Amino acid sequence: MFISLKWLNDFVEIEDIELNEFKEKMTMSGTMVEGIEELGVEVSDVVVGKILSIEKHPDADRLVITKVDIGYETLQIVTGADNINEGDYIPVAKVGAKLKDLKIKKSKLRGIESSGMMCSAGELGMNTSLMSKADTEGIYILKEELPLGSDVKAILGLDDKIVEFELTANRADCLSVM
């Protein structure tokens, strides 16, 4: 069974317990912890942005030049994504951001400077297996207006830990959070 530690904390105060201590206490209570996955560990400096404008790239058919407001500055980002529109709220990896093995740098695409990157669900390390096709292809569009510049990890729940418990047949009492 998999469970979010944030969700579990809604029922039992475990916020201040170290992961190793939590794992040991659960195992000693007869609920074996198989593993703990820390979400979003490989993601940093990704914030909420709003697309202000989209223009066709003068020297490339498949690229567009966007202006993206991240709350405290407006970035110019060149992208080949075709699922974005003006007014969309999106995850933006700023210059210096890390996404798995990728570090975002200022670059030029066909002679136009790009200062950041719009992110897909996969690039953020989200589990896409239960997401709609629209949410997994192209840039991940956030579903609501959010405070610009906010940390995307907190908004998307990527600042959580998922615990995997090994439940045996004699522990039916552990088959739900309650």
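Residues numbered from 1 in each chain as written. Predicted model: local features only at pLDDT ≥ 70, side-chain atom pairs only at ≥ 80, totals over all residues. Heavy atoms only, no water.

Q: Give me the packing of aromatic side chains: which residues, what numbers.
A: Given two aromatic rings, their pairing is described by the distance between the two centres and the angle made by the two planes. Taken as a whole, this structure holds 1 aromatic pair when the rule is applied. Ring centres of W7 and F11 lie 6.2 Å apart, and the angle between their planes is 70°; on these two criteria the pair is classed as edge-to-face. Owing to a relative accessible area of 45%, W7 belongs among the partly exposed residues under this scheme. (Phe/Tyr/Trp six-rings, centres within 6.5 Å; stacked < 30°, edge-to-face > 60°. Buried < 20%, exposed > 50% of the residue type's maximum accessible area, 1.4 Å probe, protein only.)

Q: Residue-level account of unusual backbone geometry, with values.
A: Of note in this structure, D45 is not a glycine but carries a positive phi near 60°. Structurally, D45 can be placed in strand β3 (residues 43-56). Residue R110 is not a glycine yet carries a positive backbone phi of 55°. Position of R110 among the secondary structure elements: in the loop between β8 (107-109) and β9 (112-114). (Helix = DSSP H or I, 4+ residues; strand = E, 2+ residues; numbered from the N terminus.)

Q: Account for the pairing of strand β11 (residues 161-166), with residues named and values stated.
A: Residues in a regular strand point their side chains to alternate faces of the sheet. Sheet topology places strand β1 (residues 2-4) next to β11; 3 bridges connect them, and they run antiparallel. Its bridge partner lying in β11, I3 is registered against V163. Across 6 bridges, the pairing between strand β2 (residues 32-38) and β11 is antiparallel. Paired with V33 across the two strands is F165, which belongs to β11. (Pairing = 2+ DSSP bridges.)

Q: Before we move on, could you go through a nonpolar patch on the surface and cite the residues and values that matter?
A: Residues W7, F11, V12 and M178 make up a contiguous nonpolar surface patch of roughly 480 Å² in combined accessible area. By the secondary structure assignment, V12 is in the loop between α1 (5-9) and α2 (19-28). (Patch = residues over 30% accessible without salt bridge, like charges linked within 9 Å, V, L, I, M, F, W, Y side chains within 5 Å. Areas by Shrake-Rupley, 256 points an atom, 1.4 Å probe, with all protein chains shown as cover. Salt bridge = Lys/Arg side-chain N within 4 Å of Asp/Glu carboxyl O.)

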